[in-house]
Amino acid sequence: MTAQESEVDLTTQVARECARQLGYLLQHERAGNGLDQTELAAQVRAIVYDNKNGKNFMHTGTPTTEQPLKLYEALMLLALCEEKGTMNGAYINYGVAAAILADLLLMKRIEVDAENKDKVRVLDDAPTGDQVFDEALQKMATAKRRGKLKDWVMRVGAIPKLKHKVAQALVADGIVELEEKKVLWLFTKRVYPEVNPAPEQHLRSEMRRLILDRPLEIDPRIAVIVSLAKGARLLPQVFSKDELKSNKERIEQVVNGELLGQTAKDVIAAVEVAVMMAAIMPAIMAASTSAATSGSSSC
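Residues numbered from 1 in each chain as written. Predicted model: local features only at pLDDT ≥ 70, side-chain atom pairs only at ≥ 80, totals over all residues. Heavy atoms only, no water.

A. A look at the pairing of strand β2 (residues 119-122). Two strands pair when backbone bridges link them, and strand β1 (residues 110-113) and β2 are joined in this way by four bridges, in the antiparallel orientation. Along β2, the bridge assignment pairs Val112 with Val120. Linking two consecutive strands that pair antiparallel, namely β1 and β2, is a turn of five residues; a positive phi of about 60° is found at Lys117 within it. (Pairing = 2+ DSSP bridges. Helix = DSSP H or I, 4+ residues; strand = E, 2+ residues; numbered from the N terminus.)

B. Highlighting empty space enclosed by the protein. This structure, assessed with the given rule, holds one cavity of 30 Å³ or more. By volume, the largest cavity is sized at about 60 Å³. Lining the largest cavity are Glu206, Arg209, Leu210, Pro215, Glu217, Ile218, Asp219 and Ile222. If you tally residues by element for the lining of the largest cavity, the top one is helix α8 (residues 198-213), at three residues. The residue inventory of the lining of the largest cavity, partitioned by class, reads four nonpolar, no polar and four charged. (1 Å grid on protein atoms, 1.4 Å probe; cavity = no way out; pocket = protein on both sides within 12 Å on 5 of 7 lines; lining within 4 Å. Points joined across faces, edges and corners; volume = space filled by probe spheres on them. Nonpolar A, V, L, I, M, F, W, Y, C, P; charged D, E, K, R; others polar.)

C. Quick peek at the confidence of the model for the protein chain. Here the protein chain shows a mean pLDDT of 75. Residues at 70 or above account for 60%. Counted against residues more than four places away or in other chains, residues 3-15, with its pLDDT under 50, gives six contacts. The low-confidence segment residues 47-65 (pLDDT under 50) makes 52 contacts with residues lying over four places distant or belonging to another chain. (pLDDT = per-residue confidence, 0-100. Contact = heavy atoms within 4.5 Å.)

D. Up close: helix α11 (residues 248-255). Three or more residues of α11 are buried, namely Arg250, Ile251, Val254 and Val255. Along the axis of α11, the buried residues cluster in a sector spanning 135°; they form a single face. Exposed residues on α11 whose side chains face more than 90 degrees from its buried face are Lys248 and Glu249. Just downstream of α11 lies Gly257, where phi reads positive at about 75°. (Buried < 20%, exposed > 50% of the residue type's maximum accessible area, 1.4 Å probe, protein only. Arc of directions from axis to C-beta.)

E. Spotlight on the environment of Leu210. In this fold, Leu210 is placed in helix α8. Taking relative accessible area as the criterion, Leu210 reaches 4% and is therefore assigned buried. Along the primary structure Leu210 and Ala223 are separated by 13 residues, whereas in three dimensions their C-alpha atoms are 7.7 Å apart. Not counting the four nearest positions on each side in its chain, Leu210 is found in contact with Pro215, Ile218, Ile222, Ala223, Val226, Arg250 and Val254.

F. Focus on the nonpolar core. One finds Tyr72, Val96, Ile100 and Met207 to be the most contacted residues of the largest nonpolar core, which totals 64 residues. Counting residues per element, the ones that place at least two in this core are α3 (71-79), α4 (92-106), α5 (131-141), α6 (149-157), α7 (162-172), α8, α9 (220-231) and α11. Of the residues forming this core, the biggest block, eleven residues, is contributed by α4. Those residues in contact with Val96 that sit more than four places away from it in its chain are Tyr72, Leu75, Met76, Leu162 and Val166. (Core = buried A, V, L, I, M, F, W, Y, C linked by side-chain atoms within 4.5 Å.)

G. Just the packing of aromatic side chains, in detail. Inspection of the entire model under this criterion finds one aromatic pair. Relative to Phe133, the ring of Tyr72 has its centre 5.4 Å away and its plane inclined at 85°; by these criteria the two rings are edge-to-face. Of this pair, Tyr72 sits in helix α3 while Phe133 sits in helix α5; the two residues are 61 residues apart in sequence, bridging distant segments of the chain. Among the residues examined, Tyr72 registers a relative accessible area of 0% and is labelled buried. Residue Phe133 is classed as buried on the basis of its relative accessible area of 3%. Note that Arg155 overlies the ring of Trp152, its terminal NZ or CZ placed 4.4 Å from the centroid. (Phe/Tyr/Trp six-rings, centres within 6.5 Å; stacked < 30°, edge-to-face > 60°. Lys NZ or Arg CZ within 6 Å of the ring centre and 35° of its normal.)

H. Main features of the pattern of salt bridges. Enumeration over the complete set of coordinates arrives at eleven salt bridges. The partner of Glu111 in a salt bridge is Arg121, and the shortest N-O contact between them spans 2.1 Å. Pair noted here: Glu111 is in strand β1 and Arg121 is in strand β2, with a separation of ten residues, a long-range link. Each of Glu111, Asp113, Arg121 and Arg146 takes part in one network of salt bridges that share partners. (Salt bridge = Lys/Arg side-chain N within 4 Å of Asp/Glu carboxyl O.)

I. Focus on the environment of Leu105. Mapped onto the secondary structure, Leu105 falls in helix α4. Take Leu105: its relative accessible area is 11%, and that puts it in the buried class. Taking the C-alpha atoms as reference points, Leu105 and Leu123, 18 residues apart in sequence, are found 9.8 Å from one another. Look past the residues within four positions of Leu105 in its chain and what remains in contact with it is Ile110, Glu111, Val112, Leu149 and Val267.

J. Region of interest: the packing of α8 against α9. One can describe the packing of α8 onto α9 by two numbers: an axis separation of 10 Å at closest approach and a directional angle of 95°. When the interaxial angle is binned, α8 and α9 end up roughly perpendicular. Only Ile222, Ala223, Ile225, Val226 and Ala229 of α9 make contact with α8, whose side of the interface consists of Leu203, Glu206, Met207, Leu210 and Ile211. Partitioning the contact of α8 with α9 into residue classes produces nine nonpolar, no polar and one charged. (Axes fitted to C-alpha atoms, helices over the stretch in contact; angles between N-to-C directions. Parallel < 35°, antiparallel > 145°, perpendicular 65-115°, else oblique.)

What follows is the structure in structure tokens.
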């Protein structure tokens, strides 16, 4: 195939992907499922930007010129308010930690050792080129005591300034930007407003397609994100109350890994248990109900 033919072939695939996503949006709009004109226009712009630049994040079916979103980046995008740059979601540190471990499991850097009480074993602690992954891997590789996934969600979640390190990765990718604001003229607060909506819009589109359209072919990474988002109470950021209620069984199928291969199913099962166990401790120790109410907040 010549360079010109290759370019035409890529353009054709991009056009088809645009048509597929736009068709999906229009289908749900006609069905009265929910997008107002402003949101619909924003998603259309994101789709065109995304595909025009060959950036199909979190989607394996189309060629891409950029690395896909890491699971921890995807979860953080869902937790960030697009305009304010503040973070929503319950126990987001633990959700991010679970996402990091899920990625390391999928990358075969760690495994759950069934022959040793399901404790985590590090298979490869060589640098990944990602600061967040490398810090978590080194913490696990040099630990005096091995632990189960639920233990490591707690330990990785306790890495100093973890949320901001994850947000900085999104800054480096040009998806959000760092702003520092004064609070009461005394304290500095860091926020991360979104400057490139395409990755998050595409992520949300793929999550909605998985749950609402029920495709036969399932992207395991999107299924893992749905599971992580459920654990962090972020699904209301993507679906309406009516959609969550009417698709409860489908969501449970995805979260339980019933529709996936064994590897992805094992990852989802392990991460779901880890998130649930990690969420128990802050809930017990909390002196007020602020943690519980923050989980349902919306941008």
